[in-house]
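Inside the fold
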Amino acid sequence: DAKTTQPNSMESNEEEPVHLPCNHSTISGTDYIHWYRQLPSQGPEYVIHGLTSNVNNRMASLAIAEDRKSSTLILHRATLRDAAVYYCILRDAGGTSYGKLTFGQGTILTVHP
Amino acid sequence: KAGVTQTPRYLIKTRGQQVTLSCSPISGHRSVSWYQQTPGQGLQFLFEYFSETQRNKGNFPGRFSGRQFSNSRSEMNVSTLELGDSALYLCASSSERRGEQYFGPGTRLTVT
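Every chain is numbered on its own, with residues counted from 1 as its sequence reads. Chains and ligands are labelled by the order in which they are written, letters from A for the one and numbers from 1 for the other. Local features in a predicted model are, by the rule used here, given only for residues with pLDDT of at least 70; side-chain atom pairs are given and counted only at 80 or more, and totals for whole chains, interfaces and linings are based on all residues. Values shown for side chains rest on all heavy atoms present in the structure; no hydrogens or waters enter the calculation.

Whenever Lys or Arg places a side-chain nitrogen within 4 Å of a carboxyl oxygen from Asp or Glu, that contact is recorded as a salt bridge. As enumerated under the stated definition, the model contains 7 salt bridges over all chains in all. For Asp82(A), the salt bridge is made with Arg37(A), and the minimal N-O distance between the two is 2.8 Å. Taken together, the residues Asp82(A) in the loop between β7 (70-75) and β8 (84-92) and Arg37(A) in strand β3 (residues 31-38) connect sequence positions 45 residues apart. Judged by relative accessible area, which is 11%, Asp82(A) ranks as buried. Exposure classes here rest on a 1.4 Å probe applied to the protein chains alone. A residue is buried below 20% of its type maximum, exposed above 50%, and partly exposed in between. Looking at Arg37(A), the relative accessible area reads 5%, which means it is buried. In this structure, Glu82(B) engages Arg63(B) in a salt bridge whose closest nitrogen and oxygen atoms are separated by 3.6 Å. Residue Glu82(B) is located in the loop between β8 (74-78) and β9 (87-94), and its partner Arg63(B) is located in the loop between β6 (53-57) and β7 (64-68); the two are separated by 19 residues in the primary sequence. The exposure class assigned to Arg63(B) is buried, which follows from its relative accessible area of 15%. Three or more residues joined by partner-sharing salt bridges are found here, namely Arg37(A), Glu45(A) and Asp82(A). Each helix is a run of DSSP H or I of at least 4 residues and each strand a run of E of at least 2, with the numbering of both proceeding from the N terminus.

If you want it as structure tokens, here you go:
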């Protein structure tokens, strides 16, 4: 599995935007970039995913670099409920990655009131 | 739509015993994956089932096994429990084998 690198922790203030970076320099052409988050005492929650183009949904935006070697998850207005561990994961669209997510250590996001 | 449910939520077992955990996926989802989460190793993939067949397996010993039923419900079994098996066991379901996964709340297993 291609590896991702994320900062161990980040802090933000409530109602401010948050940019969570992820480096994936060994990404292959068939790897999708997925983001999940895990709130305290809960299972992980799907946030967003993309391949090449930037993506938006009701939770967040995903900005993907032109060379695809990095991406940024953007939370437009952080709330206290967004405090969680955020995981950036590469998933191969081909191969034998059926049903498998490879989690790294993720980024612990702290949101201050 | 009801989410992924896991039973039991908490379990305490003794070394050497075996345990069975259950997962009910979101209605219509045919893929069920299992993960183990520990403070030291983080989230690790155990195996995935699709239409009652195990299609992918992580790097865990044979003491960890699973199955899936025709209604897509899944169980995982751990035999001869060790202290190191204490963990949060999570299952996730997906509507397609490479689609986004929806996780249950997990079963917290403590082995004493």
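What follows continues from the structure just given.
What follows concerns the environment of Ser9(A). Residues and elements named next belong to chain A. By the element assignment, Ser-9 lies in strand β1 (residues 9-13). In sequence terms Ser-9 and Val-85 are 76 residues apart; their C-alpha atoms lie 8.6 Å from each other. Residues count as neighbours in contact if any of their non-hydrogen atoms are within 4.5 Å of one another. Not counting the four nearest positions on each side in its chain, Ser-9 is found in contact with Thr-107 and Ile-108.

Let us look at the interface of chain B and chain A. Taken together, the contacts link 17 residues of chain B with 19 residues of chain A. Both sides of the chain B and chain A interface together cover about 1700 Å² of buried area, and 51% of this is carbon and sulfur. At the surface where chain B touches chain A, the tally comes to 0 salt bridges. Polar contact is defined as a pair of N or O atoms within 3.5 Å, subject to the rule that within protein one atom must be able to donate a hydrogen and the other to accept it, and that residues adjacent in sequence are counted only when both atoms are side-chain atoms. Viewed at the interface, chain A and chain B are joined by 6 residue pairs in polar contact (both at pLDDT 80 or more). Breaking the side of chain B that touches chain A down by element, the ones donating at least two residues are β4 (31-38), β5 (42-50) and β6 of chain B. Summed over both partners, the accessible area (1.4 Å probe) lost when two parts come together is defined as the buried area.

This brings us to the state of the cysteines. By disulfide we mean two sulfur atoms from cysteines, separated by a distance within 2.5 Å. Across all of its chains, the model carries 2 disulfides over all chains by this definition. Between the sulfur of Cys22(A) and that of Cys88(A) lies a disulfide, 2.1 Å long from S to S. Across the S-S bond of Cys22(A) and Cys88(A) the torsion is about -85 degrees, and the bridge reads as left-handed. Taken together, the residues Cys22(A) in strand β2 (residues 18-23) and Cys88(A) in strand β8 connect sequence positions 66 residues apart. Each of the two residues, Cys22(A) as well as Cys88(A), counts as buried. At a sulfur-sulfur separation of 1.8 Å, the disulfide partner of Cys23(B) is Cys91(B). One disulfide, between Cys23(B) and Cys91(B), carries an S-S torsion of 70 degrees and so falls in the right-handed class. Of this pair, Cys23(B) sits in strand β3 (residues 19-24) while Cys91(B) sits in strand β9; the two residues are 68 residues apart in sequence, bridging distant segments of the chain. You can call Cys91(B) buried: its relative accessible area is 0%.

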